[in-house]
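# Structural overview
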Amino acid sequence: MIKQALLGEFLHEAENTRKILKAIPDSALNWKPSEKNWTTGQLASHIAEVYNWYDSTFNQDVFDMGTYQYDKGDISKTENIVAKFEENVAKAQKALEESDESTYFNEWKMEMHGNVLFPPSPRIQVVRGFLFNHLYHHRGELVVYLRSTGNKVPGLYGPTADDKM
């Protein structure tokens, strides 16, 4: 039952993520709100990357970021970021569908070279916080990036100010 609930939310929110990624014009990819922020392209690429973490979250008790390698590909065009998203979301869906609910309350942690980055927590808490909520946070940032560059924002949970009523 837990898996089915997670899968329903995953599929719904993957569609929302797809909408917002496809709304990014190539002309906005290099924009960033400050020197401390990522560019729009880097932020969008990170959003796509979060889906690459599902297999490690569901199938490993320790995720070692010290050995983790990710090829984000060419992020100079939105279509490339969307393609990487599609590749990662398919793998994430498979990992979720094949996950074993009996392990959802097992301890999981993230380390980097032996240093704990994400403290030991039940795997289900990591899925909700690290995978789902983390992604929603970055999508919210992306909405601000789109608005700040004068671009339209697609409705994720209903119409936006850009939609004619």
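Keep in mind the model is a prediction, meaning the values are calculated, not measured.

Attention now moves to the nonpolar core. One finds F10, Y51 and Y54 to be the most contacted residues of the largest nonpolar core, which totals 43 residues. Among the secondary structure elements, those contributing two or more residues to this core are α1 (2-22), α2 (40-50), α3 (54-59), α4 (78-97), β2 (107-112) and α5 (123-148). The greatest single-element share of this core, amounting to ten residues, is contributed by α5. Discounting chain neighbours no more than four positions away, the residues touching Y51 are F10, E13, A14, T17, F85, N88, V89, A92 and L135.

As a further point, take the sheet that holds β2. Strand order in the open sheet made by the three strands is β1-β2-β3, with mixed pairing throughout. Edge positions in the sheet fall to β1 (62-64) and β3 (115-122), since each of these pairs with one other strand and no more. Geometrically, the sheet is characterised by an average inter-axis angle of 15° between neighbouring strands, direction not taken into account. The strands that α5 touches are β1, β2 and β3; relative to β3, the one it contacts most, it runs at about 115°.

The UniProt entry lists H46, H134 and H138 under the feature "binding site: a divalent metal cation" (unreviewed entry), expressed in the numbering used here. Taken along the chain, the residues just named run across 93 residues; in space they keep tight, none of their C-alpha pairs more than 10.6 Å apart. Discounting chain neighbours no more than four positions away, the residues touching H134 are H46, V50, W53 and G129. With respect to the element layout, H138 can be found in helix α5. Residue H138 is classed as buried on the basis of its relative accessible area of 9%. Among all residues touching H138, those that are not within four sequence positions of it are W38, L43, H46 and I47.

Once that is clear, we can look at the UniProt feature "coiled-coil region" (unreviewed entry) in the protein chain. Residues given the UniProt feature "coiled-coil region" (unreviewed entry) here are residues 75-102. In this annotation, residues 75-102 is assigned 71% helix and 0% strand; the end-to-end C-alpha distance for the span is 38 Å.

What follows deals with α4. The first and last C-alpha atoms of α4 sit 28 Å apart over 20 residues, in line with the 28 Å expected at 1.5 Å per residue. What α4 keeps buried is the set T78, I81, V82, K84, F85, N88, V89, A92, A95 and L96. For α4, the angular spread of the buried residues around the axis is 155°, confining them to a single face. If you follow the buried residues of α4, they end up packed against α1, α2 and α3.

This brings us to the packing of α2 against α5. For any two helices packed against each other, one specifies the crossing angle of their axes together with the interaxial distance. The geometry of α2 relative to α5 is characterised by a closest axis approach of 10 Å and an angle of 160° between their N-to-C directions. If you check the angle between α2 and α5, you find them roughly antiparallel. Classified by chirality, the crossing of α5 by α2 is left-handed. For the pair formed by α2 and α5, the contact residues are T40, L43, H46, I47 and V50 on the first element and F130, L131, H134, L135, H138, R139, E141, L142 and Y145 on the second. When grouped by side-chain class, the residues that make up the contact of α2 with α5 number eight nonpolar, four polar and two charged.

About the cut-offs
- Residues numbered from 1 in each chain as written.
- Predicted model: local features only at pLDDT ≥ 70, side-chain atom pairs only at ≥ 80, totals over all residues.
- Heavy atoms only, no water.
- Core = buried A, V, L, I, M, F, W, Y, C linked by side-chain atoms within 4.5 Å.
- Buried < 20%, exposed > 50% of the residue type's maximum accessible area, 1.4 Å probe, protein only.
- Helix = DSSP H or I, 4+ residues; strand = E, 2+ residues; numbered from the N terminus.
- Contact = heavy atoms within 4.5 Å.
- Pairing = 2+ DSSP bridges.
- Axes fitted to C-alpha atoms, helices over the stretch in contact; angles between N-to-C directions.
- UniProt positions renumbered as here; feature names shortened; annotations may be inferred.
- Expected span 1.5 Å × (residues − 1).
- Arc of directions from axis to C-beta.
- Parallel < 35°, antiparallel > 145°, perpendicular 65-115°, else oblique.
- Left-handed = near helix turned anticlockwise from the far one by under 90°.
- Nonpolar A, V, L, I, M, F, W, Y, C, P; charged D, E, K, R; others polar.

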